[in-house]
Amino acid sequence: MKTKKGKKKGPQKTPKTFDEPLDLKNAPHTFVIHRGLSSPYLVYLSRDFRKVMEPFTAINLQEKKTNKIKDFVSLSGIFHVSHMCIFTRSEKSLSMKISRMPQGPTLSFKVHSFILAKDVVSSLKKQFVEESSFQHAPLVILNNFTDEGNHTKLMAQTFQNMFPPLNITTIKLSTIKRCVLFSYNPATKLVEMRHYAITVVPTGVNRAIKKIAMKKIPDMNKFEDISDFVLKSQMLSESEFEDEESNVTLSQSLKKGNVEAGQSGIRLRELGPRITFELYKIEADLMTGEVLYHNEIVKSVDEILKMRKRRADKKILKEKRKKAQEENKSKKDKLKDEHKIKTGNKQFTITESDKRLLKDAEEAIDDVPEDDTEYYKDEIGEEPEKELFENAIKSGGRKRPHIPKFKTKSFKKMRTEPKDNSQKNNKERGHSRNNKERGNTKFNKNRKPSNKRK
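Residues numbered from 1 in each chain as written. Predicted model: local features only at pLDDT ≥ 70, side-chain atom pairs only at ≥ 80, totals over all residues. Heavy atoms only, no water.

> I'd like to hear about the overall build of the chain, residue by residue, with values.
When its secondary structure is counted, the chain shows 12 helices and 11 strands. The burial tally for the chain puts 26% of its 454 residues in the buried class. Look at the contacts in the chain between residues 6 or more apart in sequence, and 64% of them connect residues 24 or more apart. Here the chain displays about 36300 Å² of accessible surface, and carbon together with sulfur accounts for 51% of that area. (Helix = DSSP H or I, 4+ residues; strand = E, 2+ residues; numbered from the N terminus. Buried < 20%, exposed > 50% of the residue type's maximum accessible area, 1.4 Å probe, protein only. Contact = heavy atoms within 4.5 Å. Areas by Shrake-Rupley, 256 points an atom, 1.4 Å probe, with all protein chains shown as cover.)

> Can you tell me about the pairing of strand S6 (residues 178-185), naming the residues and giving the values?
When a strand is regular, its side chains alternate between the sheet's two faces. Where strand S5 (residues 139-143) and S6 come together, five bridges link them in parallel fashion. Note that in S6 the partner of Ile141 across the bridge is Leu181. In this region the chain leaves S5, passes through helix H5 (residues 150-161) and returns to the parallel neighbour S6; the handedness of that crossover is left-handed. Pairing of S6 with strand S7 (residues 190-202) involves eight bridges; the strand directions are antiparallel. The residue bridging Leu181 from the neighbouring strand is Arg194, located in S7. Where S6 folds back onto S7 in an antiparallel hairpin, the turn is made up of four residues, including Lys189, whose phi is positive at roughly 60 degrees. (Pairing = 2+ DSSP bridges. Right-handed = clockwise from strand over helix to strand, strands pointing away.)

> Explain a nonpolar patch on the surface to me, using residue names and the numbers behind them.
Together, Tyr41, Tyr44 and Phe114 make up an exposed nonpolar region whose accessible area comes to about 300 Å². Among the residues examined, Tyr41 registers a relative accessible area of 52% and is labelled exposed. (Patch = residues over 30% accessible without salt bridge, like charges linked within 9 Å, V, L, I, M, F, W, Y side chains within 5 Å. Salt bridge = Lys/Arg side-chain N within 4 Å of Asp/Glu carboxyl O.)

> Would you mind going over the environment of Thr30 in detail, with residue names and values included?
On the secondary structure map, Thr30 appears in strand S1 (residues 29-36). Considering only alpha carbons, one finds Thr30 and Thr57, 27 residues apart in sequence, at a separation of 4.9 Å.

> Describe the nonpolar core, naming the residues involved and giving the relevant values.
Counting 31 residues, the largest nonpolar core has Phe49, Phe109, Met155, Phe159, Phe182 and Phe277 as the members making the most contacts within it. Mapped onto this core, the elements with two or more residues apiece are helix H2 (40-52), strand S2 (81-89), strand S3 (94-100), strand S4 (106-115), H5, S6, S7 and strand S10 (274-283). Contact partners of Phe49, with chain neighbours within four places excluded, come to Val32, Cys85, Phe87, Met162, Met193 and Ile275. Membership of the second largest hydrophobic core comes to 10 residues, among which are Ile33, Phe72, Val81 and Met101. (Core = buried A, V, L, I, M, F, W, Y, C linked by side-chain atoms within 4.5 Å.)

> Tell me about the pattern of salt bridges, and name the residues and values.
Opposite charge on two side chains allows them to pair when their charged atoms are near. In this structure the tally under the stated criterion is eight salt bridges. As a salt-bridge pair, Glu283 and Lys281 come within 3.8 Å of each other at their nearest N and O atoms. Taken together, the shared-partner salt bridges connect Arg35, Arg50 and Glu63 into one network.

> So what's going on with the confidence of the model for the chain? Residues and values would help.
Within the chain, residue pLDDT values average 77, and 68% of them lie at 70 or more. Per-element mean pLDDT across the chain ranges from 53 in helix H12 (residues 422-438) up to 95 in S4. Taken together, the stretch residues 234-244 has pLDDT below 50 and engages in 20 contacts with residues farther than four places along the chain or on a different chain. Scored below 50 in pLDDT, residues 408-413 makes zero contacts in the model with residues more than four places away or belonging to other chains. (pLDDT = per-residue confidence, 0-100.)

> Explain unusual backbone geometry residue by residue, including any values.
Residue Pro55 is bonded to the preceding Glu54 through a cis peptide linkage, with omega at 0 degrees. Even without glycine at this site, Asn144 takes up a positive phi of about 70 degrees. Here Asn144 is to be found in the loop between S5 and H5. Non-glycine residue Lys189 carries a positive phi angle of around 60 degrees. Checked against the element boundaries, Lys189 lands in the loop between S6 and S7.

> Residues and numbers for the environment of Thr288, please.
Tracing the sequence through the fold places Thr288 in the loop between S10 and strand S11 (291-294). In this structure Thr288 comes out as partly exposed when scored by relative accessible area, which is 48%.

> How would you explain H2 if you had to name every residue and give the values?
Over its 13 residues, H2 runs 19 Å from end to end, which matches the ideal 18 Å to within 8%, given 1.5 Å per residue. The set of residues buried in H2 consists of Leu42, Leu45, Ser46, Asp48, Phe49, Arg50 and Val52. (Expected span 1.5 Å × (residues − 1).)

> Residue-level account of a positive patch on the surface, with values.
A surface patch of positive charge is lined by Lys299, Lys306, Arg310, Arg311 and Lys314. Counting through the fold element by element, Arg311 comes out in helix H8 (residues 301-347). Residue Arg311 is classed as partly exposed on the basis of its relative accessible area, which comes to 39%. (Lys, Arg positive; Asp, Glu negative; His and termini not counted. Charge placed at Lys NZ, Arg CZ, Asp CG, Glu CD.)

> Kindly report on the packing of aromatic side chains, identifying the contributing residues and their values.
Per the stated rule, a full pass over the model turns up eight aromatic pairs. For the ring pair Phe31 and Phe72, a centre distance of 6.1 Å and an interplane angle of 70 degrees mean the geometry is edge-to-face. Residue Phe31 is found in strand S1, and its partner Phe72 is found in helix H3 (residues 69-76); the two are separated by 41 residues along the sequence. Ring plane angle 5 degrees and centroid distance 4.4 Å describe the contact between Phe159 and Phe182, whose orientation is recorded as stacked. A residue pair is termed long-range when its members are at least 10 positions apart, and Phe159 in helix H5 and Phe182 in strand S6 qualify at 23 residues. Each member of the aromatic cluster is reached from another via a ring pair, and the members are Phe109, Phe145, Phe159, Phe182, Tyr184 and Phe277. One cation-aromatic arrangement involves Lys51 over Phe134; the distance from NZ or CZ to the ring centre is 4.2 Å. (Phe/Tyr/Trp six-rings, centres within 6.5 Å; stacked < 30°, edge-to-face > 60°. Lys NZ or Arg CZ within 6 Å of the ring centre and 35° of its normal.)

> Help me get a handle on the side chain of Thr30, residues and values and all.
The class for Thr30 is buried, based on a relative accessible area of 4%. Other than its neighbours up to four places away in sequence, Thr30 contacts Met53, Phe56, Thr57, Ala58, Val81, His83 and Met162.

> With reference to specific residues and values, describe the side chain of Arg35.
Position of Arg35 relative to the elements: it lies in strand S1. Among the polar contacts listed, one links the side chain of Arg35 to the backbone oxygen of Asn67, at a separation of 2.6 Å. Setting aside residues up to four positions removed in sequence, Arg35 forms contacts with Leu42, Glu63, Lys64, Asn67, Lys68, Phe72, Ile86, Phe87, Thr88 and Arg89. (Polar contact = N/O pair within 3.5 Å; in protein donor to acceptor, adjacent residues only side chain to side chain.)

See below:
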């Protein structure tokens, strides 16, 4: 078969199924959504946070106002989602919730301030954003999470578990291009989040050679030869290239002049966003459940025991109601099935006489049509006329018998009384009266002329 363009349309190929490796499946994935009052800044902040969590997040996740949190929880098992981050805006404040899927715990934070990524990048003198740096997960750096409280340990553990773990023996240094910093201040109880891009620069080398090694085009306006550029490298301005204070020895060789077992400097360039938040509540379950920690409210042991008892009673009552609903549903289904069986037997019962009629009809249909001329010879003893069976021969033999359908016809009741012809008689009488009153001009000689026209 050919299409309009003349190409042959062959058999369609089945799409190839691609199975992800176990490392990608087991890696923590995240959903980042926003709720509450609509605000353009809230949408931009959620997008920037998705960029931080790349590549193990739904960067183009489509959410609507009608979507509920249960909808995202139901999809978490299919897409191997382990954490969900929710930004919620109210009339008074902005909050951020990080919950472990699908059973909790949930950490609620109060956002004190934030700066979007576009504002951070525009404030820098040298803007540096590479799309290739978002192809791998960032490095997590936790600073000053040494408080004795269990809530700080849980907070640090959740931040660490949101990103995939790094194996030091098998990791490639070329994949580490970003880092996320979480810094905790025990005095103010604030957490500051920063997002940086990592670049490695060779050290201990002439400044001019560094530029050539990093594939930067130098400004040769002041020099006559390349030798002058290499020998007189002190004439270069500090703004063109700056030495880094931190130097490390590399275990693997990298690009741009970074050799194995050589000295290199690490440079951090901020990508954004900046978020400053504070922990105020920890819940045991997903968005609900027992409050394990609260920043402002502190309850006694008796109050905690009473709350636990109330929750246990509510849980038992909920289970009882669920069981009662299931039992009622099963009873209704049984009654429906019984009703269907009772009503169905009356409609589709076949008696013995109906079975005989059906068998006779099948036998009549299966019979082979007989030759009418031979039958006529055997019974009468004479040959029939040609015109008698011409139509039967042309049609291919005798037609199959008609099997009537088993349907009852509704006949109208016959009228025993004659029709009422009173209306007809009344019309005739009225017609005759009008004629008498009007009269006929030909035969009524005594008719007086009308006085309407003068």
